[in-house]
Amino acid sequence: KAGVTQTPRYLIKTRGQQVTLSCSPISGHRSVSWYQQTPGQGLQFLFEYFSETQRNKGNFPGRFSGRQFSNSRSEMNVSTLELGDSALYLCASSLRWALETQYFGPGTRLLVL
Amino acid sequence: DAKTTQPPSMDCAEGRAANLPCNHSTISGNEYVYWYRQIHSQGPQYIIHGLKNNETNEMASLIITEDRKSSTLILPHATLRDTAVYYCIAQAGGATNKLIFGTGTLLAVQP
């Protein structure tokens, strides 16, 4: 079974631009979560979706948003990029909506110049 | 969610058992202990989880103390490919898959 895929793998943007990252979960998984990883803050939870509904949101500004489609694929968007948004963005999928093992993708590395 | 405390780094000789400790003294009754690891620049990988009883799978064993205030992850025969940051997480019960990662333990397996 194919794992979690994330596109693109690498991205370079400039301040003020916006970016959209994509995540395709493992087939049959309906829950998708997003995390940001930076050297200073470590791995931080962004948001969680199940059946197209956001179930949980981390402590990030409104510039960070996401959505989930009916096929469980998910996208996250960051508007008005700041230098501090440079990070590895990780997506994880799981079968159901609570206390499930998370399967992580390889991440999208975003560099904001 | 309970806070977990792990040593920042550990060394282990290749072929020997690696024992990674985790303290979660404020864990509540419905919180599971999960272990994930992250090999450099990759996404985290699930290893094992447990509630009260000791658990074993093909990757590792998890020993949870009777009072549930601490646990130990055991990699029975560490290899160089086990070099990674290991995260111990106390995941709350309830309607969420949210994981709260701490700083983890960097395990360096030495040849």
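Above: the structure in question.
Owing to the predicted nature of the structure, the values given are computational and were not obtained by experimental measurement.

Cut-offs and rules
Residues numbered from 1 in each chain as written. Chains lettered and ligands numbered in written order. Predicted model: local features only at pLDDT ≥ 70, side-chain atom pairs only at ≥ 80, totals over all residues. Heavy atoms only, no water. Phe/Tyr/Trp six-rings, centres within 6.5 Å; stacked < 30°, edge-to-face > 60°. Helix = DSSP H or I, 4+ residues; strand = E, 2+ residues; numbered from the N terminus. Buried < 20%, exposed > 50% of the residue type's maximum accessible area, 1.4 Å probe, protein only. Salt bridge = Lys/Arg side-chain N within 4 Å of Asp/Glu carboxyl O. Pairing = 2+ DSSP bridges. Axes fitted to C-alpha atoms, helices over the stretch in contact; angles between N-to-C directions.

**Thoughts on the packing of aromatic side chains**
Tallying each qualifying case throughout the model produces 13 aromatic pairs over all chains. Aromatic side chains A:Tyr35 and B:Phe101 sit 5.8 Å apart centroid to centroid with 90° between the ring planes, which places their arrangement in the edge-to-face category. With A:Tyr35 in strand E4 (residues 31-38) and B:Phe101 in the loop between strand E8 (84-91) and strand E9 (105-110), this pair bridges two chains. Its relative accessible area of 0% is what places A:Tyr35 among the buried residues. By relative accessible area, B:Phe101 is classed as buried at 8%.

**What to know about the pattern of salt bridges**
All names here are of chain A. Under the counting rule described, the total for this entry stands at 5 salt bridges over all chains. Asp 85 is the partner of Arg 63 in a salt bridge, and the nearest nitrogen-oxygen pair spans 2.8 Å. Remark: Asp 85 occurs in the loop between strand E8 (74-78) and strand E9 (87-94) and Arg 63 occurs in the loop between strand E6 (53-57) and strand E7 (64-68); sequence separation between them is 22 residues. The same class applies to Arg 63 and to Asp 85, which are both buried. For Arg 67, the salt bridge identified is with Glu 75, shortest N-O distance 3.3 Å.

**Digging into the pairing of E8(B)**
Residues and elements named next belong to chain B. In terms of residue burial, E8 counts as a mostly covered element, since 7 of its 8 residues are buried. The sheet contact formed by strand E3 (residues 32-38) and E8 spans 7 bridges and is antiparallel. The residue of E8 that forms the bridge with Trp 35 is Cys 88.

**Concerning the sheet that holds strand E3 (residues 19-24) of chain A**
All names here are of chain A. The antiparallel open sheet is built from 4 strands, whose spatial order is E1-E3-E8-E7. Edge positions in the open sheet fall to strand E1 (5-7) and E7, since each of these has one partner strand only. Averaged over all pairs of adjacent strands, the angle between their axes in this sheet comes to 20°, without regard to strand direction. Relative to E3, E1 is paired through 3 bridges, and the arrangement is antiparallel. Within E3, the residue paired with Gln 6 across the bridge is Cys 23.

Any functional reading would require information that these geometric values do not contain.
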